[in-house]
Amino acid sequence: MVSMSLDSSSGISGVSQLFQLLRDGVPRTRAELAKSTGLARSTIAARVDELMRMGLVTPLAETVSTGGRPPSQFALNPGARLVLAADIGASHATLAVTDLAGSILAQHSEPLDVTLGPVAVLTWLVQHARELLARVGREEKDLAAIGIGVPGPVEHSTGQPVNPPIMPGWDRFDVPGWVRQHLDVPVLVDNDVNIMALGERALAYPAVEHLMFVKVATGIGAGVISSGTLQRGAQGIAGDIGHVRVARGAEVPCHCGNKGCLEALASGPAIARALRAQGVPAENGDDVVDLVKRGNLDAIQAVRQAGRDIGEVLTTCVSLVNPSVIAIGGSMARVGEHLIAGVREVVYTRSIPLATEHLAIVQSAAAQNAAVLGASMLAIEHALSPESLSALVSA
Ligand SMILES: [Zn+2]
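Predicted, not measured: the structure shown is a model, and the values here were computed from it.

Conventions adopted
- Residues numbered from 1 in each chain as written.
- Predicted model: local features only at pLDDT ≥ 70, side-chain atom pairs only at ≥ 80, totals over all residues.
- Heavy atoms only, no water.
- Donors = N, O, S within 2.8 Å, 3.2 Å for Na, K, Ca; no water.
- Tetrahedral: all angles 85-135°; square planar, octahedral: opposite > 155°, others 65-115°.
- Helix = DSSP H or I, 4+ residues; strand = E, 2+ residues; numbered from the N terminus.
- Buried < 20%, exposed > 50% of the residue type's maximum accessible area, 1.4 Å probe, protein only.
- Contact = heavy atoms within 4.5 Å.
- Salt bridge = Lys/Arg side-chain N within 4 Å of Asp/Glu carboxyl O.
- Core = buried A, V, L, I, M, F, W, Y, C linked by side-chain atoms within 4.5 Å.
- Pairing = 2+ DSSP bridges.
- Axes fitted to C-alpha atoms, helices over the stretch in contact; angles between N-to-C directions.
- Polar contact = N/O pair within 3.5 Å; in protein donor to acceptor, adjacent residues only side chain to side chain.
- Expected span 1.5 Å × (residues − 1).
- Bend = angle between axes of the 7 residues up to and from the residue.

Caption draft 1: Spotlight on the coordination of the zinc ion. Taken together, the protein donors to the zinc ion comprise His243 (ND1), Cys254 (SG), Cys256 (SG) and Cys261 (SG), at separations of 2.0 to 2.3 Å. Considering all four donor atoms around the zinc ion, angles at the metal cover 105 to 119° and the coordination shape is tetrahedral. Of note, the zinc ion draws all its donor residues from one chain, in the sequence arrangement H-x10-C-x1-C-x4-C. Here cysteine 254 lies in the loop between strand S13 (229-231) and helix H7 (262-266) and histidine 243 lies in the loop between S13 and H7, a separation of eleven residues in the sequence. Look at histidine 243 and you get partly exposed, because its relative accessible area is 29%.

Caption draft 2: Highlighting the environment of valine 362. When you line up the elements, valine 362 lands in strand S15 (residues 360-363). For the pair valine 362 and glycine 79, spaced 283 residues apart in sequence, the C-alpha to C-alpha distance is 32 Å. Non-local contacts of valine 362, meaning those with residues more than four positions away in its chain, are made with Tyr205, Val325, Ile326, Ala327, Ile328, Ile340 and Arg344.

Caption draft 3: Representation of the pattern of salt bridges in the model. By the definition in use, this model includes 17 salt bridges. Across the pair glutamate 140 and arginine 130 runs a salt bridge, and its minimum N-O distance is 2.9 Å. Remark: arginine 130 occurs in helix H4 (residues 118-135) and glutamate 140 occurs in the loop between H4 and strand S7 (143-150); sequence separation between them is ten residues. Overlapping salt bridges bring together Arg138, Lys141 and Asp142 as one network.

Caption draft 4: Representation of the nonpolar core. Counting residues in hydrophobic clusters, the biggest one holds 49 residues, and the most contacted among them are Phe19, Leu33, Leu51, Leu56, Leu211 and Phe213. No other element matches helix H13 (residues 370-383), which puts ten residues into this core. Among residues more than four places away in sequence, those in contact with leucine 51 are Val15, Leu18, Phe19, Leu22, Leu56 and Val57. If you look at the next biggest cluster of nonpolar residues, it comprises 42 residues, including Leu265, Val280, Val289 and Ile340.

Caption draft 5: Quick peek at the sheet that holds S13. Taken in spatial order, the five strands of this open sheet run S13-S12-S11-S14-S15, and their pairing is mixed. The sheet is open, and its two edges are formed by S13 and S15, each paired on a single side. Strand-to-strand twist across the sheet, computed as the mean angle between neighbouring axes with direction ignored, equals 25°. Pairing geometry for strand S14 (residues 325-329) and S15, over four bridges, is parallel. When the sheet's bridge partners are listed, isoleucine 326 is paired in S15 with isoleucine 361.

Caption draft 6: Examining unusual backbone geometry more closely. Look at asparagine 163: it is not a glycine, yet its phi comes out positive at around 45°. Within the secondary structure, asparagine 163 is located in the loop between strand S9 (160-161) and helix H5 (175-180).

Caption draft 7: A look at the side chain of threonine 94. Turning to its location among the elements, threonine 94 is positioned in strand S5 (residues 92-99). Take threonine 94: its relative accessible area is 10%, and that puts it in the buried class. Looking at threonine 94, its side chain comes within polar contact range of the side chain of serine 109, at 2.9 Å. Leave out the neighbours within four places in its chain, and threonine 94 touches Ala85, Ala86, Asp87, Gln107, His108, Ser109, Trp124 and Val372.

Caption draft 8: How the structure looks around the sheet that holds strand S1 (residues 28-29). Taken together, the three strands give an open sheet; going across it, the order is S1-S3-S2, and neighbouring strands pair in antiparallel fashion. Only two strands of the sheet have a single neighbouring strand rather than two, namely S1 and strand S2 (57-60). Pairing analysis gives two bridges linking S1 to strand S3 (residues 73-76), with the strands arranged antiparallel. Bridging from a neighbouring strand, arginine 28 pairs with phenylalanine 74 of S3.

Caption draft 9: Layout of helix H10 (residues 297-321). Compared with an ideal rise of 1.5 Å per residue, which puts 25 residues at 36 Å, H10 spans 35 Å between its outermost C-alpha atoms and is within 8% of the ideal. In H10, a bend of some 30° at valine 313 exceeds every other bend along the element. The N-cap of H10, judged by a side-chain oxygen 3.0 Å from the amide nitrogen of aspartate 298 a few residues on, is asparagine 296. At the C-terminal side of H10, asparagine 322 shows a positive phi close to 50°.

Rendered as structure tokens:
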């Protein structure tokens, strides 16, 4: 979950530098800290005191009684500050308050149409953020940052959605600027699939450096973590695999204007459409999931074929990125193994053996919490970065 930087340039304070070591939550003694930093014991002692004064680091009670000696181990105090994590979906939104370790303290979820536009949706966010803070007995000043995931491409440096196809009114809207008028803390915005990748990794694969998260729902997209870093690309659309053409596509029209896109064949609505053409009643992705769970053979075959189509595109991704984990999530992943079996069938037979020797293709472990966990990670990563900490120390 934590990327460690001991860069002493660019004005990063020594206190912040020491904190980057303690961020992983593992308790350490002053002697251990001195050893891993090469700093003098007296310097370590002063910096630990400063971090304790800020509340970010806490002394741990010793397991054996030492007759009043001061505690000698220190670790991150996850409750020192809070972050707000928001998962804005096409038709549903979830908001959570988490601590600095990403543990969810309170959560609220309800149907919310993203097409209502940024002001209505963000007003909802601010209002419920205050309610959640009140519920856990904390105040706005305890917030360190806010992470928000939205269902469209985002220019990460500005937090502005860019030409998001299913978010009318959001194009180039200054999400951080608007939110900060109400909750004045750093606001990080990213594409929902990107934050799902962060959430999945934090929950299930903290030691994995190369991971892809594939969301299969109304749309299809992927979040790519390479060498431990989320890859956004030049315009924030890295991993947008939904409009890659697949062989079976031929003349199937896609809402993007092209033909034969992966999304036009393997998304929830696309599978439902294919089933209707066979006379099987399915209006949407949820109906497909229900049919599969009831053992409908046509639905199972359609889902398996969708898995193969996704696998076709992922085979190329595997060659480019060489991930060790591909996690499949999104609402269509609820069909279980049938979808993943189709993905595996193609990826494992078409990729070069070396690329798949240690590749796990699995169901998302974070499931419906992936996005909110990832939004929390995005916010925490910013709040605890050397730069943010240095600003806090010098403040
Ligand atoms: Zn398309």
